[in-house]
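So you can see what is in the structure, the chains are spelled out below.
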Amino acid sequence: MVPVIAIDRAAPRPLHRQLYEGLRVSITDGTLRAGQRLPSSRGLASELGLSRITVLNAYAQLLAEGYLQSRIGSGTVVCRSLPDQAGVWNPQAGNGVRSRSARRRLSQRARLLDPVSLTHAAFGRNPESARSGAFVLGQVALSDFPFQLWKGLLTRRARATCTESLDYGDNVGSRALREEIASYLRTARATRCQADQIMIVSGSQQALEIATRVLLDPGDGVWMEEPGYRFARNIFRVHGCRIVPVRVDREGLDVHHGIKRYRAARAALVTPSHQYPTGVTMSASRRFQLLEWAERSGAWIIEDDYDSEYRFDSMPVGCLQGLDQAARVIYVGTFSKVLFPSLRLGYLVIPPDLMERFIAVRLAMDIAPPAFQQAVLADFIREGHFSRHLRRMRLLYAQRRSALVESIRNEFGDEAEITGEQAGMHLSLTLRGISDRHLAELAGQQNLWLAPLSYSYIEKNRRQGFILGFGSTSAEEIPAAVRKLRALVDSARRVSSVKPQLVAS
Ligand SMILES: Cc1ncc(COP(=O)(O)O)c(C=O)c1O
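Since the structure is predicted, the reported quantities are computational estimates derived from the model, not experimental observations. (Residues numbered from 1 in each chain as written. Predicted model: local features only at pLDDT ≥ 70, side-chain atom pairs only at ≥ 80, totals over all residues. Heavy atoms only, no water.)

> Explain the pairing of strand β1 (residues 68-71) to me, using residue names and the numbers behind them.
The pairing of β1 with strand β2 (residues 75-78) spans four bridges and is antiparallel. In the sheet register, Ser70 faces β2, and the bridge partner there is Thr76. (Pairing = 2+ DSSP bridges. Helix = DSSP H or I, 4+ residues; strand = E, 2+ residues; numbered from the N terminus.)

What follows is the structure, given as structure tokens:
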């Protein structure tokens, strides 16, 4: 007896494939038992109304995969050495996990982070996601990107592609791009570097991951700005580091506070040019204090210089790395803000004596960055488009920033505290008597994208407010969007006077 196998003649899948799958399921779910004899190919063909060649093809595949055995004299039988219900993953069956399976143990590392759902992971691409509306954080003015020009460069590079270019590229990134970046950083960011210190990566996130693997062990203390960059926190957590939140004030990271909390920390992650999220610039005296602490205590400084190119009321502030006399700073840069985030290109500037270690660690996780986009980007910089684009964007963002500050002043007066409006593509707005998380949820329904400030804190003492991105919100849209925000705050306050739990303590 052969189990009933549904064959659908109208289905696009070939008949022998359907038969093969039907038999395989019957074997793995135990309907056909180990050692059980199958009908002859002729017999099964006539029973199912198939051609004999169809049955022979299905049997041949099952024989090749070891589900069936064929012996002269005994015909074709189900393999005797298959365990009961050998099991193939069946996506239709619940979560695909059988109840008698042993515990599905994951690494401690993986369990340190909250799982992220597929819908959440698709945040940039899903049209129904919350990443739309006014004030989206970290979104650049995509429609003002010189797209036709970029496409022209892509096409030119694609035409010039030759078979040699299909091989692995340089492990640390293309020489041409590293030369362009080094020369840009020396002039625009006062960075002290040569192309040989640069490693191309897939963005700041990968840069921080590599730096952490090279510099830190589980249990090592790391100073993090409080409030600070959430995505970096997860990297340190996954590596078992001890995160030490260090207060940020109007001068940036409070170095004395860090020393008081944990002098022996092995590293500090800082955003000195435009602190994330408050936007303050680290003062010169704090910069020297930080460098001195690092030099004396043998700690590393990781400088995340993610959006410092856009400074509106003065020249861009030089980076911390350029002041470092002791080669203690690892500098991280990205093209996500100055060009566009799907490019996934960023870079590390590494002290020369650490370069070989960084390369070894990078090779253990990724052999080389993709070559094609690097070549296009090198062309874009070399031919002057990058500096032109930066100049244009600086003006555009300055306009958006001014519209936003003015609208906030009009709608909120002294009640709102604004910080970080001198640079970058976001500012930080602090408001009293609100729950920023609750308001952010309501705002989604009004086409406002509000990033709660409180998420950026590790400790309990959190300021309430929003990190407002103005990169992708036009100056014309801003006044109406701020009025909506005002109305939302007012109505939440009214409700919270009835239901006090909606107001942050
Ligand atoms: C503080 C900070 N660093 C870095 C980045 C950029 O990350 P990536 O280069 O991985 O896109 C962001 C993006 O929002 C950021 O806010």
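> Lay out the site of the ligand in plain terms, naming residues and giving numbers.
Around the ligand, the structure places Gly203, Ser204, Gln205, Tyr229, Tyr276, Asp304, Tyr306, Thr334, Ser336, Lys337 and Arg344. At 2.7 Å from an oxygen atom of the ligand is found a side-chain nitrogen or oxygen belonging to Ser336. Within the side chain of Arg344, one N or O atom sits 2.9 Å away from an oxygen atom of the ligand. Relative to its unbound accessible area of 400 Å², the ligand is 87% covered by the protein chains. The residue inventory of the shell around the ligand, partitioned by class, reads three nonpolar, five polar and three charged. (Near = heavy atom within 4 Å. Polar contact = N/O pair within 3.5 Å; in protein donor to acceptor, adjacent residues only side chain to side chain. Areas by Shrake-Rupley, 256 points an atom, 1.4 Å probe, with all protein chains shown as cover. Nonpolar A, V, L, I, M, F, W, Y, C, P; charged D, E, K, R; others polar.)

> I'd like a description of the sheet that holds strand β5 (residues 242-249), backed by residues and values.
Taken together, the eight strands give an open sheet; going across it, the order is β3-β10-β9-β8-β7-β4-β5-β6, and neighbouring strands pair in mixed fashion. Whereas interior strands pair on both sides, the edge strands pair on one side only; in this sheet they are β3 (198-201) and β6 (252-253). In this sheet, strand β10 (residues 346-349) lies alongside strand β9 (residues 329-334) in antiparallel orientation, the contact comprising four bridges. Looking across to β10, one finds that Thr334 is bridged to Gly346. Running at roughly 160 degrees to β9, helix α8 (residues 204-215) makes contact with β3, β7 (267-270), β8 (300-304), β9 and β10 of the sheet. Against the sheet, helix α12 (residues 355-365) touches β3, β9 and β10, its axis set at about 20 degrees to β3. (Contact = heavy atoms within 4.5 Å. Axes fitted to C-alpha atoms, helices over the stretch in contact; angles between N-to-C directions.)

> For helix α1 (residues 15-28), give the residues involved together with the corresponding values.
Compared with an ideal rise of 1.5 Å per residue, which puts 14 residues at 20 Å, α1 spans 20 Å between its outermost C-alpha atoms and is within 8% of the ideal. Here α1 has its buried residues at Gln18, Leu19, Tyr20, Gly22, Leu23, Ser26, Ile27 and Thr28. Of the surrounding elements, those touching the buried residues of α1 are α2 (41-48), α3 (52-64), β1 and β2. One or two residues past the end of α1 sits Gly30, with phi positive at roughly 90 degrees. (Expected span 1.5 Å × (residues − 1). Buried < 20%, exposed > 50% of the residue type's maximum accessible area, 1.4 Å probe, protein only.)

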